[in-house]
Amino acid sequence: MASQLSYPFETEPQTGDGSAVVVAPGILWLRMPLFASLPWINVWAIEEEGGWSIVDTGLHSAKTIEAWQAAFANAMGGAPVLRVVATHRHPDHCGMAGWMVERFKARLWMSRLEYLTCRLMAADTGREAPAAGIEFYRAAGWDEPALDRYKAKFGSFGEMIFPLPASYRRLADGDSLRIGAHEWTVVVGNGHSPEHACLYCP
């Protein structure tokens, strides 16, 4: 099925080949590979003095590592990553954050509830689904096939995330960040995740 999204650019970045589209001076749009019905995730690189800030990172996988290595060498010109911003805890957004922080000795920037929730969920890796969780979803009306899927997937969250660093720089609603040539305001929302941080530059 063809994508129903239209973009205000003539070209789109290819997934995983290290290419990027310049969406504004010093701001690159890249795509990292995912899977199946959602083949990629959009991520961003913002040029700073001496390197780049990365906003969202893709899922932790061998394919994503290859894609980032190509991006570092090609679109980003070999300059280092200075800061990693993870907008929220979902693995396709923060899965490679710990890897980048470790590789470049950079700092992770993330909202507190997203960081703590991510660390908590990753701690369940390899555990069986708890009886309380199964009973909760059964009481909510889930049938046996849905419960079986829950039990099969429980504990797999951490497999999609390179371990987050032990410290981070907190993002909070209303914060102002100087990234590159511009000031960016942090706008926090919830629903999609507990404390999702968006960056807005007027």
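Residues numbered from 1 in each chain as written. Predicted model: local features only at pLDDT ≥ 70, side-chain atom pairs only at ≥ 80, totals over all residues. Heavy atoms only, no water.

Engineer: Is there a simple way to explain the sheet that holds strand β3 (residues 38-48) in this structure?
Structural biologist: Sheet strands pair via backbone hydrogen bonds, and the direction of the pair is either parallel or antiparallel. Overall, mixed pairing links the 7 strands, which are arranged β1-β2-β3-β4-β5-β6-β7 in an open sheet. Single-partner strands in this sheet number two, and they are β1 (21-24) and β7 (169-171). Going across the sheet, the axis of each strand differs from the next one's by a mean of 30°, ignoring polarity. Two elements, β1 and strand β2 (residues 27-35), share 3 bridges in a ladder whose sense is antiparallel. Paired with Val22 across the two strands is Leu28, which belongs to β2. In the packing of helix α1 (residues 62-73) onto the sheet, the strands contacted are β2, β3, β4 (51-55) and β5 (81-85), and the crossing angle to β2 comes to about 160°. (Pairing = 2+ DSSP bridges. Helix = DSSP H or I, 4+ residues; strand = E, 2+ residues; numbered from the N terminus. Axes fitted to C-alpha atoms, helices over the stretch in contact; angles between N-to-C directions. Contact = heavy atoms within 4.5 Å.)

Engineer: What am I meant to see in the sheet that holds strand β8 (residues 176-179) here?
Structural biologist: Reading across the sheet, the 3 strands line up as β8-β9-β10 and stay open at both edges, with antiparallel pairing between neighbours. Edge positions in the sheet fall to β8 and β10 (196-200), since each of these pairs with one other strand and no more. The sheet shows a mean angle of 35° between the axes of neighbouring strands, direction not considered.

Engineer: Mind showing me how you'd approach helix α4 (residues 112-122) here?
Structural biologist: Two residues of an α-helix separated by three or four positions point the same way, owing to the 3.6 residues in each turn. Within the span of α4, buried status applies to Glu114, Tyr115, Thr117 and Cys118. Buried residues along α4 sit in contact with α2 (91-94), β6 (107-111) and β10. (Buried < 20%, exposed > 50% of the residue type's maximum accessible area, 1.4 Å probe, protein only.)

Engineer: Just checking my understanding: could you explain the packing of helix α5 (residues 131-139) against helix α6 (residues 144-153) for this structure?
Structural biologist: The relative placement of two packed helices comes down to the angle between their axes together with the axis-to-axis distance. At a minimum axis separation of 10 Å, α5 and α6 run at an interaxial angle of 150°. Between α5 and α6, the crossing angle belongs to the class labelled roughly antiparallel. The handedness of the crossing between α5 and α6 is right-handed. Within the contact between the two elements, α5 uses Gly133, Ile134, Tyr137 and Arg138 and α6 uses Glu144, Leu147, Tyr150 and Lys151. Of the residues assigned to the contact of α5 with α6, the class counts are 4 nonpolar, 1 polar and 3 charged. (Parallel < 35°, antiparallel > 145°, perpendicular 65-115°, else oblique. Left-handed = near helix turned anticlockwise from the far one by under 90°. Nonpolar A, V, L, I, M, F, W, Y, C, P; charged D, E, K, R; others polar.)

Engineer: Please clarify how the state of the cysteines should be interpreted in this entry.
Structural biologist: Linking two cysteines covalently through their sulfur atoms gives a disulfide. Tallied over the entire structure, the rule returns 0 disulfides. No disulfide involves Cys198; its sulfur sits 14 Å from the nearest other cysteine sulfur, which is in Cys201. (Disulfide = S-S within 2.5 Å.)

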